[in-house]
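Structure assessment
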Amino acid sequence: MRMSSIRHLPLREVANSLVGSRVIVVFLIAAGVVFGYRTGQFPPIPDVNLPVLYGLARWDSGYYMGIARLGYGAFANNRAYAFLPGFPLILRLLYPLFFWLDTAPAEVMAGFVWNLVAVALASVYLVRLTRLIIGPEVANRTLALLAVYPSTFFLSAIYPEATALLLIVASLYYLERGKPLVAGPLGFLAGLVRPEGFLLSVPIFVKALSEKRKLRMILASIIVFLSALTFAIFSYYTTGSLFTALQVTRAWPICSIFCFTNNPIFNLPFMINLLSIGLATLFVVYSLVKPNASARTFPYYLWSFITIAIVFYVGEMRSWSRLMLVLPPVFWAQAEYSLTHPRLFQGLMVSYAVMMCLATILFVNWYSMV
Amino acid sequence: MLVFTAPFLSISFSRITLPGIQASNVTQNLLPLYGEDHSAVILSIGNYTKWSLNPSPSTGAALTTSINSLTLKGTFPVNSNPSAVSISGSLVANIRQYPILCVQTNVSKGVSYGIRFYSQSSDGSFIALWKDTDVLNHRQGTGQPENVQVNMIQVIEANTNKSVDSLSRATMYVERGPGTNSIDFSLQLSSFKFLSYRLEPAQSRGLYHAIYLTLNLTAPTSSLLTLQSIRVEGHLEASTNAAYVLYLIDRSGVYKGGTYTYDPSTADQVYVVSLREKLSSFSDNLPTAVPSVVIVSASGTLYQFNLKSIVLNYMSRVEQSSSLPPSKDPPSFYLAIFVFLPIAIAVLLYDHFRRTRFRRSVERQFPKDLPHG
């Protein structure tokens, strides 16, 4: 089977549970728009004039759309620098295709269509990658878990998660296929889509330490790491500081884990995110320390462990579940464990599906699933 | 374990306020409702024959007056400087008694116009009560009839920081900026009057032009809390097809909410007025205290408002806690990120390479038995 190219993409590979779940997500968004219960607060950005799909543009979507339309000067106090340019660039390239719509609706339409394509391609790469390093049963379960994960709707919303997932799994796939010099640039692009993308250099580097062709892998690892530097240089030339993105991100008013431990709020968005990261941490740590841990998957679980730890401390708590989406090992760990615990798998699927329905409707109605 | 449990070491810190929207239900703080009677007492500044054209040789303007109307016509010639022509009239208007100015005018397109008021001091000189930036100045002519209704007490206090009881003189002007073409202009004044809407209790059914929901509140104690919006839930009764507008009046100004049409089939309705659309004037009586939500009839009559709840939405800009250090991150953050996490990574890597080495040595000894991993 030729796996090295996406050109020979059999339709049956695209017809999978993750792609199928997009129908459910759109249905939930429509239901949330029609029957949802509003917060009663004025939304931070006006709704986009696009029937039903306007529910996809919430919270940070406004920043991505603003950057796509007006560039990084679009927002005061350099706030746009908290967001990377990869996804806005895609919106910028695609929204003129929807020329019969106004700019903002065209951006939402472009983001929605692109995310569908990205999810389809990501699902194919993810299945192939998982089959390659763990096995076919885990591959199917991984997709199923991702399909009903509480934050899976972000893969369809005007957010960069679908793009980041595609680039990350494609990069890892080519890495496993022995093509680190393809994996490196793909990882570099992932680092220009999500801030934590540059951490993909960690598994590539750890893998290089135990591989024969060390030099090419280390080079790939450096290429991925350079994505963080590239955006820093861009911010230097536009704002005069290498650390603008860091400063803006740290100054952002977020609810961190410290905020929560000092003032616990047990409402739905907090609980969904707390449960998501709790389970992710539990399974990833177990996969790292279990006696028969696979040497092949170790670099990826280590990468996930580091990313989760950083997200846990510096991330917005109400975004934790979303931030798990781009970490395939979070799903591998649960899928792998559930091979020998089928009841657990059923329990996870049902719990995630319920939380996914709630989270989607909360998001559409401006509740703080961000 | 330590990597993920470190934040819970900081539980002993005092409570903090989450950044973001903080909702505060203030229904209990509502003062008894009151409203403006649906009919106004009118002080008409009639007889426009007393108005006169101020000297302005270059415009060739002509003023035509009668008892009921006034028309100013003319032409602004080509000029590299701004041009203006004005008319003035004496009047006596007690704005404590009649605070609402109501003017019906029609000014041609392409020019701007304004209305300026003066009071008279004890020595007979006129005191200007206007500012260039107020709502009555530099208004664009639309070429269509236009109603201008403002609360003069509010406008004058904003302009002069003084309390004035009566007006003695009014000036209206038409102006244009520098232009390379001459332009014809006209200003028609069909009504110039002051209104008084009597305030009365509105807790029972009646006929009202506006209903006031005033809150008895102290300002939020923290300067980091800013009022973002107010959410009112209740049921309005009004005449068929009545249109009404909601306003929020706070210390910081007047804010316009949505415009609604009365629908008798609707039960309780939720109204949200945000502090986004700030107005420089208000068209009716100012409330007796702030903050207040005012429901003003744009057409038709309001009968009654049955309130269910009022919620104030404040925005907290940052986490507020005296215990958290200025950097926002408590020591356990640095401990976890810079000590526990690197140690955990080092231990995991050491264990991984130890196992890999062991596996390879076993593989060399028993190459056939080792399962592929």
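Residues numbered from 1 in each chain as written. Chains lettered and ligands numbered in written order. Predicted model: local features only at pLDDT ≥ 70, side-chain atom pairs only at ≥ 80, totals over all residues.

**Observations concerning the overall build of chain B**
Within chain B one finds three helices and 23 strands. Sorting the 373 residues of chain B into buried and exposed places 30% on the buried side. Long-range contacts, defined here as pairs at least 24 residues apart, represent 81% of the contacts in chain B between residues at least 6 apart. (Helix = DSSP H or I, 4+ residues; strand = E, 2+ residues; numbered from the N terminus. Buried ≥ 20, exposed ≤ 12 C-beta atoms within 10 Å, placed from the backbone. Contact = placed C-beta atoms within 7 Å.)

**A word on the overall build of chain A**
A tally of helices and strands in chain A yields 17 helices and zero strands. Each of the 370 residues in chain A was classed as buried or not, and the buried ones make up 55%.

**As for unusual backbone geometry**
Residue and element names in this part refer to chain B. Here the bond from Val290 into Pro291 is cis, since omega is 0 degrees, no more than 30 degrees from zero. One non-glycine residue with positive phi stands out, namely His138, at about 55 degrees. Looking at the element boundaries, His138 is found in the loop between strand 10 (126-128) and strand 11 (139-140). Assessed through the 13 C-beta atoms surrounding it within 10 Å, His138 is described here as partly exposed.

**Things to note about the nonpolar core**
Counting 141 residues, the largest nonpolar core has Ala122(A), Tyr125(A), Leu165(A), Leu166(A), Val169(A), Val284(A) and Leu302(A) as the members making the most contacts within it. In terms of residue count, the dominant contributor to this core is helix 5 (residues 103-133) of chain A (15 residues). What Leu302(A) contacts, discounting residues up to four positions off in sequence, is Val202(A), Pro203(A), Val206(A), Leu288(A) and Leu348(B). Leu72(B), Ile100(B), Val107(B) and Met172(B) belong to the second-largest nonpolar core, a separate cluster that totals 39 residues. (Core = buried A, V, L, I, M, F, W, Y, C linked by C-beta atoms within 7 Å.)

**Regarding the pairing of strand 16 (residues 208-214) of chain B**
Consecutive side chains of a regular strand alternate in pointing toward one face of the sheet and then the other. Residue and element names in this part refer to chain B. A large share of strand 16 lies buried, amounting to seven of its seven residues. Looking at chain direction, strand 2 (residues 34-37) and strand 16 are connected through four bridges and run antiparallel. Following the sheet pairing, Asp37 is matched in strand 16 by Tyr208. (Pairing = 2+ DSSP bridges.)

**Description of the environment of Ser171(A)**
All names here are of chain A. On the secondary structure map, Ser171 appears in helix 7 (residues 161-176). Taking the C-alpha atoms as reference points, Ser171 and Gly187, 16 residues apart in sequence, are found 5.6 Å from one another. Residues in contact with Ser171, not counting those within four places in the same chain, are Ala183, Leu186, Gly187, Ala190 and Leu200.

**Topic: the packing of helix 13 (residues 268-289) of chain A against helix 14 (residues 298-314) of chain A**
Residue and element names in this part refer to chain A. Two numbers describe how helix 13 lies on helix 14: the axes approach to 9 Å, and their chain directions differ by 145 degrees. For the crossing formed where helix 13 meets helix 14, the hand is left-handed. Facing helix 13, whose interface residues are Ile277, Ala280, Thr281, Val284, Val285, Ser287 and Leu288, helix 14 presents Tyr301, Leu302, Ser304, Phe305, Ile308 and Phe312. In the contact of helix 13 with helix 14, the residues fall into ten nonpolar, three polar and no charged. (Axes fitted to C-alpha atoms, helices over the stretch in contact; angles between N-to-C directions. Left-handed = near helix turned anticlockwise from the far one by under 90°. Nonpolar A, V, L, I, M, F, W, Y, C, P; charged D, E, K, R; others polar.)

**Here we look at the packing of helix 14 of chain A against helix 16 (residues 328-339) of chain A**
All names here are of chain A. Look at helix 14 against helix 16: their axes get within 8 Å of each other, and the N-to-C directions meet at 115 degrees. As for how helix 14 packs across helix 16, the hand of that crossing is left-handed. Two secondary-structure elements touch here, helix 14 through Tyr300, Tyr301 and Ser304 and helix 16 through Pro329, Val330 and Ala333. For the contact of helix 14 with helix 16, the per-class residue count stands at five nonpolar, one polar and no charged.

**Brief notes about the pairing of strand 5 (residues 62-65) of chain B**
Residues and elements named next belong to chain B. Where strand 5 and strand 6 (residues 70-76) come together, four bridges link them in antiparallel fashion. Bridging across to strand 6, Thr65 finds its partner in Leu70. Between the end of strand 5 and the start of strand 6, which pair antiparallel, lie four residues.

**What to know about the confidence of the model for chain B**
Residue and element names in this part refer to chain B. Mean pLDDT for chain B: 82, with 86% of residues reaching 70 or above. Per-residue pLDDT, averaged within each element of chain B, yields its smallest value for helix 1 (residues 2-5) (64) and its largest for strand 16 (93). Every residue in residues 11-16 scores below 50 in pLDDT, and together they form 17 contacts with partners more than four places removed in sequence or on other chains. When the criterion is pLDDT under 50, residues 318-327 qualifies, and its contacts beyond four places in sequence or with other chains add up to 24 contacts. Model confidence for the complex is summarised by a pTM of 0.60, with the ipTM given as 0.82. (pLDDT = per-residue confidence, 0-100.)

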